[in-house]
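This is what each chain is made of:
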Amino acid sequence: MTKKPQGTLPPYMCQHTIDRLVDGKELFEVMDMDKKIGCLISERNKIAETVISICEPEIAAVCHLFEKGEQVSEQTIERLFDRLLEHCYNDEVVKLFNELCQVAVAQHPQLVQDYIRYYKEQWE
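This text gives an overview of the structure that appears in the document. (Residues numbered from 1 in each chain as written. Predicted model: local features only at pLDDT ≥ 70, side-chain atom pairs only at ≥ 80, totals over all residues. Heavy atoms only, no water.)

### Overview of the overall build of the chain
Tallying secondary structure elements over the chain gives four helices and two strands in all. Counting across all 124 residues of the chain, residues that qualify as buried make up 30%. For the chain, restricting intrachain contacts to residue pairs at least 6 apart in sequence, the fraction spanning at least 24 positions comes to 51%. Of the roughly 8,500 Å² of accessible surface on the chain, 52% is carried by carbon and sulfur atoms. (Helix = DSSP H or I, 4+ residues; strand = E, 2+ residues; numbered from the N terminus. Buried < 20%, exposed > 50% of the residue type's maximum accessible area, 1.4 Å probe, protein only. Contact = heavy atoms within 4.5 Å. Areas by Shrake-Rupley, 256 points an atom, 1.4 Å probe, with all protein chains shown as cover.)

### Focus on the packing of aromatic side chains
Taken as a whole and assessed by the stated rule, the structure comprises five aromatic pairs. When the ring of Tyr115 is compared with that of Tyr118, the centres are 5.1 Å apart and the planes differ by 80°; the resulting orientation is edge-to-face. Separated by three residues within a single helix, Tyr115 and Tyr118 lie in helix H4 (residues 109-123), roughly one turn from each other. Tyr115 gets classed as buried once you look at its relative accessible area, which sits at 6%. When its relative accessible area of 31% is taken as the criterion, Tyr118 is described as partly exposed. Taken together, the ring pairs connect Phe81, Phe97, Tyr115, Tyr118 and Tyr119 into an aromatic cluster. (Phe/Tyr/Trp six-rings, centres within 6.5 Å; stacked < 30°, edge-to-face > 60°.)

### Description of the side chain of Asn90
Looking at the element boundaries, Asn90 is found in the loop between helix H2 (74-85) and helix H3 (91-104). By relative accessible area, which is 15% here, Asn90 ends up buried.

### Things to note about H3
Note: α-helices contain 3.6 residues per turn, so residues at a spacing of three or four share the same orientation. Taking 1.5 Å of rise per residue, 14 residues should cover 20 Å, and H3 covers 20 Å from first to last C-alpha, within 8% of that figure. Buried within H3 we find Val93, Val94, Leu96, Phe97, Leu100, Cys101 and Ala104. The buried residues of H3 occupy an angular sector of 160° when the element is viewed end-on, so they sit on one face. H3 presents Asp91, Lys95 and Gln102 as exposed residues on the side facing more than 90 degrees away from its buried surface. Backbone nitrogen of Glu92 and a side-chain oxygen of the N-cap are separated by 2.8 Å at the start of H3; the cap is Asn90. (Expected span 1.5 Å × (residues − 1). Arc of directions from axis to C-beta. Polar contact = N/O pair within 3.5 Å; in protein donor to acceptor, adjacent residues only side chain to side chain.)

### Examining the packing of H3 against H4
Contact geometry for H3 and H4: axes closest at 9 Å, N-to-C directions at 155°. In terms of orientation, H3 lies roughly antiparallel with respect to H4. Of the two possible hands of crossing, H3 and H4 adopt the one that is left-handed. Residue-level contacts link Val94, Phe97, Cys101 and Ala104 of H3 to Pro109, Val112, Tyr115, Ile116 and Tyr119 of H4. Its residues assigned to classes, the contact of H3 with H4 shows nine nonpolar, no polar and no charged. (Axes fitted to C-alpha atoms, helices over the stretch in contact; angles between N-to-C directions. Parallel < 35°, antiparallel > 145°, perpendicular 65-115°, else oblique. Left-handed = near helix turned anticlockwise from the far one by under 90°. Nonpolar A, V, L, I, M, F, W, Y, C, P; charged D, E, K, R; others polar.)

Following this line, the structure appears as structure tokens:
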């Protein structure tokens, strides 16, 4: 007896990859490797777009505070760097990362140096 899977799929799976559920086991469609890769890239890009939409206004607010000469906590900067660092496969995320580095270096030079090192270790 063939049943359609219930519930939601993990974010790394496209809906069309699951064919049916038989005896408690997922059976996957036979797809070209190109389609599978395309699906993964599409999902990855959606995640990066979400990260950008969340971080961009936060970084703009932090930049504004720095421009006014106000202090921004190290924890706030760390949180933003941590969010961005995982998604630096995306050029727009890298731009945000660089922007944050440029504005934060005056108040938190060691933190910025550490995150630049983490970036290089992970992405270069």
